[in-house]
Amino acid sequence: MDERSAVTRGRTLDHAAKVYDFCEPILLLGKQGAYNREIVALLELEPSQRVLDLGCGTGELTRMIADNLDAARGGQAVGVDAAAKMIQVARKKRGNDACRFDVVAAESLPYEDGAFDAVVSSLFFHHVDLELKQRTLTESFRVLPPGGKLVIADMHLPTTWMGWLVSWTSRWFFMQPQIAENIRGMLPGLMTEAGFSPPLIRAYYFGYIAIFTCQKPGGGHGTA
Ligand SMILES: C[S@@+](CC[C@H](N)C(=O)[O-])C[C@H]1O[C@@H](n2cnc3c(N)ncnc32)[C@H](O)[C@@H]1O
């Protein structure tokens, strides 16, 4: 029997699962590889680490993370998405043994406290409303140990007129108030409210997609 999608108010992409891998490189203007590599570099992975990828879609980033991990040493990249059809596509192209995909809503994670060394997400937070953004960040905090790293790449305050045009057009074209929360600059405040260290912006793509890093305080690690 087909696995069911997770129940969530988030804007899931079951309907787009078959075309997502065709569309995303176009939406990212051919920079998807460089963008994903930058996120992976910011994670500063060690082979034995466990990494959770929220709203993983068809799993490109999860697989790239898993390529840097070693299952024999306990390393694992777990990609979660509420859309079962996205996870089906991701599983079909499953990478190495360190790669796993689960149908899970990001705001309600079925993992133990401190189960992951790092949590990452790309282009997920603009798919969920304010309360789900808050719940997802609280859950991310819970599944990380002190010193655990959070890397979020998502829509944020536009920095160029083209970024402004694309992001606000997306908000109205897709009728997505969740996007407005992002591009009004709410994500960093939500991360600190959840308990994380003040996030740093490490890169900007297209004038409206920022990559943030921050940490769960403690653990004797350096700053994000
Ligand atoms: C734009 S896609 C991003 C996919 C991938 N991370 C990437 O960068 O290509 C957003 C994903 O978030 C998923 N999603 C939406 N609400 C969700 C939720 N509450 N929990 C988990 N995934 C969710 C959608 O199904 C979709 O696959």
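Residues numbered from 1 in each chain as written. Predicted model: local features only at pLDDT ≥ 70, side-chain atom pairs only at ≥ 80, totals over all residues. Heavy atoms only, no water.

Peer 1: So, unusual backbone geometry: which residues are in play, and what are the values?
Peer 2: In this structure, L29 takes a positive phi of about 50° despite not being glycine. If you trace the backbone, L29 turns up in the loop between α1 (20-27) and α2 (32-43). When its relative accessible area of 62% is taken as the criterion, L29 is described as exposed. The phi dihedral of F206 is positive, around 60°, even though this residue is not glycine. For F206, the location among the structural elements is in the loop between β6 (200-205) and β7 (209-215). (Helix = DSSP H or I, 4+ residues; strand = E, 2+ residues; numbered from the N terminus. Buried < 20%, exposed > 50% of the residue type's maximum accessible area, 1.4 Å probe, protein only.)

Peer 1: Quick one: what's the story with the layout of surface pockets, residue by residue and with numbers?
Peer 2: Taken as a whole, the largest pocket holds about 1,000 Å³ of empty space. Around the largest pocket sit 46 residues that line it, and L13, Y20, L123, H126 and H127 are the ones nearest its centre. Looking at the lining of the largest pocket, the element that brings in the most residues is α1, giving four residues. Classifying every residue of the lining of the largest pocket gives 26 nonpolar, 14 polar and six charged. (1 Å grid on protein atoms, 1.4 Å probe; cavity = no way out; pocket = protein on both sides within 12 Å on 5 of 7 lines; lining within 4 Å. Points joined across faces, edges and corners; volume = space filled by probe spheres on them. Nonpolar A, V, L, I, M, F, W, Y, C, P; charged D, E, K, R; others polar.)

Peer 1: Any details on the pairing of strand β3 (residues 99-103)? Residues and values, ideally.
Peer 2: Burial within β3 is extensive, with four of its five residues counted as buried. Pairing of strand β2 (residues 76-81) with β3, which is carried by five bridges, proceeds in the parallel orientation. The residue of β3 that forms the bridge with V78 is R100. (Pairing = 2+ DSSP bridges.)

Peer 1: Kindly report on a nonpolar patch on the surface, identifying the contributing residues and their values.
Peer 2: Nonpolar side chains collect at one region of the surface, where W161, M162, W164, L165 and V166 lie side by side and expose about 550 Å² of accessible area between them. In this structure, V166 sits in helix α6 (residues 161-173). Since its relative accessible area comes to 31%, V166 is described here as partly exposed. (Patch = residues over 30% accessible without salt bridge, like charges linked within 9 Å, V, L, I, M, F, W, Y side chains within 5 Å. Areas by Shrake-Rupley, 256 points an atom, 1.4 Å probe, with all protein chains shown as cover. Salt bridge = Lys/Arg side-chain N within 4 Å of Asp/Glu carboxyl O.)

Peer 1: Can you explain the site of the ligand? Please cite residues and give values.
Peer 2: If you check the shell around the ligand, you find 23 residues, and the closest are Y20, G55, D81, E107 and S122. The contact in question runs from a nitrogen atom of the ligand to an N or O atom on the side chain of T8, over 2.9 Å. With respect to the ligand, the side chain of E24 contributes an N or O atom lying 2.9 Å from an oxygen atom. Within the complex, 96% of the 590 Å² of free accessible area of the ligand lies under protein. Comparing atom positions with the cavity grids shows the ligand to sit within the largest pocket. In terms of residue class, the shell around the ligand is built from twelve nonpolar, seven polar and four charged. (Near = heavy atom within 4 Å. Polar contact = N/O pair within 3.5 Å; in protein donor to acceptor, adjacent residues only side chain to side chain. Sits in = over half its atoms within 2 Å of the grid points.)

Peer 1: I'd like a rundown of the pattern of salt bridges, residues and numbers included.
Peer 2: Under the criterion given, the structure shown has twelve salt bridges. For the salt bridge of K93 with E60, the shortest nitrogen-to-oxygen distance reads 2.5 Å. Note that K93 is positioned in the loop between α4 (84-92) and β3 and E60 in helix α3 (residues 60-66), a separation of 33 residues in sequence. Residue K93 is classed as buried on the basis of its relative accessible area of 19%. Look at E60 and you get partly exposed, because its relative accessible area is 28%.

Peer 1: Account for the pairing of β2, with residues named and values stated.
Peer 2: Of all six residues that make up β2, six are buried, and the element is covered over most of its length. Burial along β2 is two-sided: the residues Q76, V78 and V80 and A77, G79 and D81 are all buried. Bridge count between strand β1 (residues 50-54) and β2: five bridges; the pairing is parallel. When the sheet's bridge partners are listed, L52 is paired in β2 with V78. Handedness of the crossover joining β1 and β2 through α3: right-handed. (Right-handed = clockwise from strand over helix to strand, strands pointing away.)

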